[in-house]
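Reading the structure
Single-letter residue listing:
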Amino acid sequence: MPKIIGKSLHEHRQMTRHKLFTALSTLMAERGFDTITLADIAAAANVGRTAVYNHFHDKEALLLGFITHETEQYAHTLERALDGVSDPVEQLRTYIRQQAQLTRVFHLAPGPDLRTVLSRATLQRLREHADIVEAILRRILTAGIEAGTFPPQDIEPTVHLVNACLSGRLIPDEPVARERTIRAAESFVLRAVGARVPERVPA
């Protein structure tokens, strides 16, 4: 019988899933998802292959579980950052900065684009989870239009265009360059949605 980690079976399962997610994230930072096997993930997580199958029947299911977990955690973090922010412009600034902090495995993994190696069913599920975050941006834009802060516009393509601008691939790691890029993204997105606000002058 495998050794139980944690104080209960539920905690054991949660800890094992976390180890698998961490292992997958680490491996995907090094090479393409198409080259990673469940055996690789089990070895990196320091668990037996049986433990992997106890949670996920294949690596696509593991990837979906990982992205679901990351998306839900990110959505909670974003909602906390927006809590108490009532001005639509400041809400949009907050959204932009939070997006800039997000390392997207979907965009950053080496190797072929995940869209070319995942099944249609998995891609659809991933699309559904992206909707969780997009709904927050949609809410911000709708509130801004209703308040007269943003001009009337077609929200759906605007949501997709804003998020395309905020791809993690475009944000440098070096702190000064990173802040400069984020400020530029703020200014660009605010102009793109028609917000008429003075640009912030760097301190």
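Remember, predicted model here, so these are calculated numbers, not experimental data.

Attention now goes to the nonpolar core. Ranked by size, the top nonpolar core spans 24 residues in total, and within it Leu-20, Leu-24, Met-28, Phe-33, Ile-41, Leu-62 and Leu-63 carry the most contacts. Every element with two or more residues in this core is listed here: α1 (9–30), α2 (38–45) and α4 (59–82). Core analysis: the next-biggest nonpolar cluster, separate from the first, contains 23 residues, Leu-92, Phe-150, Val-162 and Leu-190 among them.

Here we take up the UniProt feature "DNA-binding region" (unreviewed entry) in the protein chain. Sites flagged by UniProt as "DNA-binding region" (unreviewed entry) map to residues 37–56. Its end C-alpha atoms 13 Å apart, residues 37–56 is made of 75% helix and 0% strand.

Here α4 is 24 residues long and its end C-alpha atoms lie 34 Å apart, about the 34 Å a rise of 1.5 Å per residue gives. For α4, the N-terminal capping position is held by Asp-58, with its side-chain oxygen 3.2 Å away from the main-chain nitrogen of Glu-60. Looking one or two places after α4, you find Gly-84, whose phi comes out positive at around 90°.

We now examine α1. If you check α1, its first and last C-alpha atoms are 32 Å apart, about what 22 residues at 1.5 Å a residue would give, namely 32 Å. Residues of α1 that are buried include every one of His-12, Thr-16, Leu-20, Phe-21, Ala-23, Leu-24, Leu-27 and Met-28, and no others. Down the axis of α1, the sector holding all buried residues measures 170°, keeping them to one side. The exposed set on the far side of α1, more than 90 degrees from its buried face, consists of His-10, His-18 and Ala-29.

Our focus in this paragraph is the side chain of Thr-94. Checked against the element boundaries, Thr-94 lands in helix α5 (residues 88–101). Its relative accessible area of 17% is what places Thr-94 among the buried residues. Once residues within four sequence positions are removed from consideration, Thr-94 is found in contact with Ala-81 and Leu-82.

Attention shifts here to the environment of Thr-77. Turning to its location among the elements, Thr-77 is positioned in helix α4. Residue classification places Thr-77 among the partly exposed positions, given a relative accessible area of 31%. One polar contact links Thr-77 to Arg-80, side chain to side chain, over a distance of 3.3 Å.

Orientation of α1 relative to α4, taken along the N-to-C sense of each, is 100°, at an axis distance of 10 Å. Relative to α4, α1 is oriented roughly perpendicular. For the pair α1 and α4, the contacting residues are Leu-20, Phe-21, Leu-24, Ser-25 and Met-28 in the first and Leu-62, Leu-63, Gly-65, Phe-66 and His-69 in the second. Grouping the constituent residues of the contact of α1 with α4 by class yields seven nonpolar, three polar and no charged.

The rules behind these values
- Residues numbered from 1 in each chain as written.
- Predicted model: local features only at pLDDT ≥ 70, side-chain atom pairs only at ≥ 80, totals over all residues.
- Heavy atoms only, no water.
- Core = buried A, V, L, I, M, F, W, Y, C linked by side-chain atoms within 4.5 Å.
- Buried < 20%, exposed > 50% of the residue type's maximum accessible area, 1.4 Å probe, protein only.
- Helix = DSSP H or I, 4+ residues; strand = E, 2+ residues; numbered from the N terminus.
- UniProt positions renumbered as here; feature names shortened; annotations may be inferred.
- Expected span 1.5 Å × (residues − 1).
- Polar contact = N/O pair within 3.5 Å; in protein donor to acceptor, adjacent residues only side chain to side chain.
- Arc of directions from axis to C-beta.
- Contact = heavy atoms within 4.5 Å.
- Axes fitted to C-alpha atoms, helices over the stretch in contact; angles between N-to-C directions.
- Parallel < 35°, antiparallel > 145°, perpendicular 65-115°, else oblique.
- Nonpolar A, V, L, I, M, F, W, Y, C, P; charged D, E, K, R; others polar.

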